[in-house]
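Take a look at the letters that make up each chain.
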Amino acid sequence: MIKENIEIKENQLVNLIQVMIDNGVSNKKIVERFEQKVIQLNSPRISLWFAENIKGVDVLAHGQVVIESKDPHYNFWFAHNIKGADILAHGQVIQDSKDLKYNHDFAEYIKGADVLAHGKVILESKDLDYNYLFPKDVIEADIQAHGRIIIESKNLKYNFLFPKNIKGSDVLAHGKVIIDSKHPDYNHDFAKCVKGADIEAHQQIFYQDIDIEKISNLIDNEIDELLSLRKSNEAKSVKKLVKKKDNK
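The model shown is predicted, which means the values in this text are computed figures rather than measured ones.

J.: Help me get a handle on the overall build of the protein chain, residues and values and all.
T.: A count of helical and extended segments in the protein chain gives 15 helices and zero strands. Taking 18 Å as the expected radius of gyration for a compact globule of 248 residues, we find that the protein chain reaches 33 Å, considerably beyond that expectation. In the protein chain, 49% of the contacts between residues at least 6 apart in sequence involve partners at least 24 apart.

This is the structure:
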């Protein structure tokens, strides 16, 4: 109940300040009159809104409110939206949170982020999805380190996707996981889709799974049907010629 009341009051506060802005009250007057009280609220939501919407605010003071909240959501958006924000300090909150989504997004979208530090959180999690997405989306990510997590997992889906979509990956190491699995479909797709794959090694696995005798019989049937169709077509052609001669 208290939390709900705080949200209602915060909404009312934002609406009232917006009314002042809409009625031409200068940003300078709003800052002089209300900024210190807003900072004292220790509300990451209000400090973010205030810094986003009012020019001339004390960015670092509002940023400190957000940092002390330890809320990854507000720390991400403050660093993302506010010019002059302390990127590394907000990034540290994200790292300490161990939240994989925000560590991924912070490194991808925030210029000046400590990419390797955020990547370390992802590496230590051993989460396959984020260890694939992080080097795929984030420039300067440690591709080999994230790739090792994928390789060690033996997961076929990610060992296929990683070298297929991430330039600089260890194609042969990921390929070996696929080869060792002896999975025909993944070996086929790896050889077909991954640049630099050991095509012959993958094809050997793929063809091992094929029933050669069955394929041979299918080929025989196809040839027999083609011969039958050709003979039938030739017979029709001869009948047409005979008809033409008879009409003459």
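J.: Please give an account of the pattern of salt bridges that cites residues and values.
T.: Evaluation of the coordinates by the stated rule reveals five salt bridges. Taking the shortest distance from any N to any O, the salt bridge between Lys 101 and Asp 105 comes out at 2.8 Å. Residue Lys 101 and its partner Asp 105 are located together in helix 7 (residues 100-109), separated by four residues, close to a single helical turn. A relative accessible area of 43% means that Lys 101 is categorised as partly exposed. For the salt bridge of Lys 120 with Glu 124, the shortest nitrogen-to-oxygen distance reads 2.5 Å. Here Glu 124 and Lys 120 lie together in helix 8 (residues 115-125), a separation of four residues that amounts to about one turn.

J.: Run through the nonpolar core, naming residues and quoting values.
T.: Of all hydrophobic cores here, the largest spans 18 residues; its most connected members are Ile 17, Phe 50, Ile 54, Val 57, Phe 78 and Ile 82. Of all the secondary structure elements, the ones that give two or more residues to this core are helix 1 (2-22), helix 2 (27-40), helix 3 (44-53), helix 4 (59-69) and helix 5 (72-81). No other element matches the five residues that helix 3 contributes to this core. Core analysis: the second largest hydrophobic core is formed by nine residues, Ile 151, Val 177, Ile 178 and Ala 197 among them.

J.: Tell me about the environment of Tyr 207, and name the residues and values.
T.: Within the element layout of this structure, Tyr 207 appears in helix 14 (residues 199-208). Each C-alpha atom of the pair Tyr 207 and Pro 184 lies 7.8 Å from the other, and the pair is 23 residues apart in sequence.

J.: I'd like a rundown of unusual backbone geometry, residues and numbers included.
T.: Positive phi is not limited to glycine here, since Asn 42 has a value of about 55 degrees. Relative to the helices and strands, Asn 42 resides in the loop between helix 2 and helix 3.

J.: Explain the packing of aromatic side chains to me, using residue names and the numbers behind them.
T.: Working definition: an aromatic ring pair is given by the centre-to-centre distance plus the angle between the planes. Counted according to the given criterion, the structure contains five aromatic pairs. Residues Phe 76 and Trp 77 carry aromatic rings whose centres are separated by 4.9 Å and whose planes lie at 80 degrees to one another, so their mutual orientation is edge-to-face. Since its relative accessible area comes to 5%, Phe 76 is described here as buried. Looking at Trp 77, the relative accessible area reads 31%, which means it is partly exposed. The rings of Phe 76, Trp 77, Tyr 102 and Phe 106 are connected pair by pair, giving a single aromatic cluster.

J.: Pulling in residues and values, what's your account of the environment of Asp 105?
T.: Since its relative accessible area comes to 12%, Asp 105 is described here as buried. Sequence separation between Asp 105 and Asn 23 is 82 residues, and the spatial gap between their C-alpha atoms is 37 Å.

J.: For helix 8, give the residues involved together with the corresponding values.
T.: Because each turn of an α-helix spans 3.6 residues, side chains separated by three or four positions end up pointing in the same direction. Buried residues of helix 8: Val 115, Ala 117, His 118, Gly 119, Val 121, Ile 122 and Leu 123, and no others. Against helix 6 (87-97), helix 7, helix 9 (128-137) and helix 10 (143-153) lie the buried residues of helix 8.

J.: Lay out helix 3 with the relevant residues and their values.
T.: Burial analysis of helix 3 places seven of its 10 residues in the buried class, which makes it a mostly covered element. The complete set of buried residues in helix 3 reads Pro 44, Ile 46, Ser 47, Leu 48, Trp 49, Phe 50 and Ala 51. Where helix 3 is buried, its residues touch helix 1, helix 2, helix 4 and helix 5.

J.: Any chance you could break down the side chain of Ser 169 for me, citing the residues and the numbers?
T.: Along the chain, Ser 169 turns up in the loop between helix 11 (156-165) and helix 12 (171-181). There is a polar contact of 3.0 Å between the side chain of Ser 169 and the backbone oxygen of Ile 166. In contact with Ser 169, other than residues within four places in its own chain, are Ile 143, Gln 144, Phe 162, Pro 163 and His 174.

J.: Provide a residue-level description of the packing of helix 7 against helix 9, including the pertinent values.
T.: As a packed pair, helix 7 and helix 9 sit with axes 10 Å apart at the nearest point and diverge in direction by 10 degrees. In this view, helix 7 runs roughly parallel relative to helix 9, as classed from their interaxial angle. Contacts between helix 7 and helix 9 involve Leu 100, Lys 101, Asn 103, His 104, Ala 107 and Glu 108 from the first element and Tyr 130, Leu 133, Phe 134 and Asp 137 from the second. Here the contact of helix 7 with helix 9 is composed, by residue class, of five nonpolar, two polar and three charged.

Cut-offs and rules
Residues numbered from 1 in each chain as written. Predicted model: local features only at pLDDT ≥ 70, side-chain atom pairs only at ≥ 80, totals over all residues. Heavy atoms only, no water. Helix = DSSP H or I, 4+ residues; strand = E, 2+ residues; numbered from the N terminus. Rg over C-alpha atoms; globule rule 2.2 N^0.38 Å. Contact = heavy atoms within 4.5 Å. Salt bridge = Lys/Arg side-chain N within 4 Å of Asp/Glu carboxyl O. Buried < 20%, exposed > 50% of the residue type's maximum accessible area, 1.4 Å probe, protein only. Core = buried A, V, L, I, M, F, W, Y, C linked by side-chain atoms within 4.5 Å. Phe/Tyr/Trp six-rings, centres within 6.5 Å; stacked < 30°, edge-to-face > 60°. Polar contact = N/O pair within 3.5 Å; in protein donor to acceptor, adjacent residues only side chain to side chain. Axes fitted to C-alpha atoms, helices over the stretch in contact; angles between N-to-C directions. Parallel < 35°, antiparallel > 145°, perpendicular 65-115°, else oblique. Nonpolar A, V, L, I, M, F, W, Y, C, P; charged D, E, K, R; others polar.

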